[in-house]
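Next come the chains, spelled out residue by residue.
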Amino acid sequence: MNNNEQELQSNLKRFSGIVASAKDGIITIDSNHKIIYVNAAATMFFGYGSESTDEAMLGMNLDQIIPGRHRENHNQHVKNFGKTGVSIREMGANFEDFYVTGLKKNGQEFPIEASISSFTEGEQRFYTVIFRDITERKIAKQKLDQYHQELSNLTRSIQTAREEERKHIARELHDNLGQLLAALRIDLHFLRNKQSENTDAVTHIDGMDKLILKSIASLRQLASDLRPNSLDEGGLFFSLRALTKEFTQRHSINCQLIAVEDDLNFCEETSTTIYRIVQESLSNIARHAYATHVDIELVKNSEGLYFKIADNGIGISHSDLNKKQSFGLIGMRERVHAVKGELKILNGQPGTIVEIRMPV
């Protein structure tokens, strides 16, 4: 044996040792899906032997390690893969896509992340699959999904409770304290008529009346900020129209609502969600955007509701979007997520665009 042959044999032995000791499972099949090579890790994964055994699965058909309901699709997948001429392809790597499923000797199924490659020798095509058992990863993902769902449910419950509390406080302010102030004003007018000849008393009474009027106005504004009456009595369209009008007056920023009234007839939860998102967006614009104009557009179609809030301000940076202290943005995301919607915040060049799609 010459030096080249010795070197080749040495390389083959080294390669075989590496493959045999690999922690990932490796299986090679022929065009008839018969297993012609399998390493020790693969036999261990499928429950056909220990790490020191790598011959238990030789000669088996690939269908024997695939659940029955997946066999036809998997065989077609391999066949199509062979026709494409692509040398390698990833299979089942997506967390949400465990379509590559293995079947152990004892009948237990387990999820697999794998890559498949093919090569041709003579006129026959062979396929090699390198895979790993991702059961633990799947369990961790399921636990994480469950945690996120529980957190979302908790957030939704807190938001609902907060809205109910806001509604209760606003009603108490409007109905009770507002009525008390109105009654006090009536008594002042009665007292003023009694003291019409006392100039000093009339002056003090008029001053008190003005203070009461200011208190009533502040009370109404506070109650409206907590929970606008129009949201419960007039519906979402009138609430948004009142909100944009008040925003324009308070901040001198032109705000235009583009919507059809009949398209905005939603349940209380959806109406409240949309109103709060618009309210938070306008609050952010007033504090940070330095804008002079805002458009709020809502369109309802067969897919749900699309609405966009666009300003002509200075825009928002990527770092601001990901601030941990941006509780306003976090709150908006949670509200949209709670109703299974999608929120995007984009640079409008100029300004910022908030886009939301949600089922209704």
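Worth saying up front: this structure is predicted, and the values here are computed from it rather than measured.

(A) Broad picture of the packing of aromatic side chains. Under the definition given, this model contains five aromatic pairs. When the centroid spacing of 5.4 Å and the interplanar angle of 20° are considered together, the rings of F119 and F126 count as stacked. On the basis of relative accessible area, F119 is assigned to the partly exposed category, the value being 36%. Taking the centre distance of 5.6 Å and the plane angle of 85° together, the rings of F237 and F238 count as edge-to-face.

(B) Representation of the pairing of strand β11 (residues 352–358) in the model. A large share of β11 lies buried, amounting to five of its seven residues. For strand β9 (residues 304–311) and β11, the ladder comprises six bridges, and the chain directions are antiparallel. If you follow L305 over to β11, its bridge partner there is M358. Pairing geometry for strand β10 (residues 342–347) and β11, over six bridges, is antiparallel. The residue of β11 that forms the bridge with L346 is I353. Where β10 folds back on β11, the antiparallel hairpin that results is connected by four residues, among which Q349 adopts a positive phi of roughly 50°.

(C) Region of interest: unusual backbone geometry. Although it is not a glycine, H33 sits at a positive phi angle of roughly 65°. In the Ramachandran plot, K340 falls in the positive-phi region, its phi being about 60° despite a non-glycine side chain. Position of K340 among the secondary structure elements: in the loop between α10 (327–338) and β10. The class for K340 is exposed, based on a relative accessible area of 66%.

Reading guide: rules and limits
Residues numbered from 1 in each chain as written. Predicted model: local features only at pLDDT ≥ 70, side-chain atom pairs only at ≥ 80, totals over all residues. Heavy atoms only, no water. Phe/Tyr/Trp six-rings, centres within 6.5 Å; stacked < 30°, edge-to-face > 60°. Buried < 20%, exposed > 50% of the residue type's maximum accessible area, 1.4 Å probe, protein only. Helix = DSSP H or I, 4+ residues; strand = E, 2+ residues; numbered from the N terminus. Pairing = 2+ DSSP bridges.

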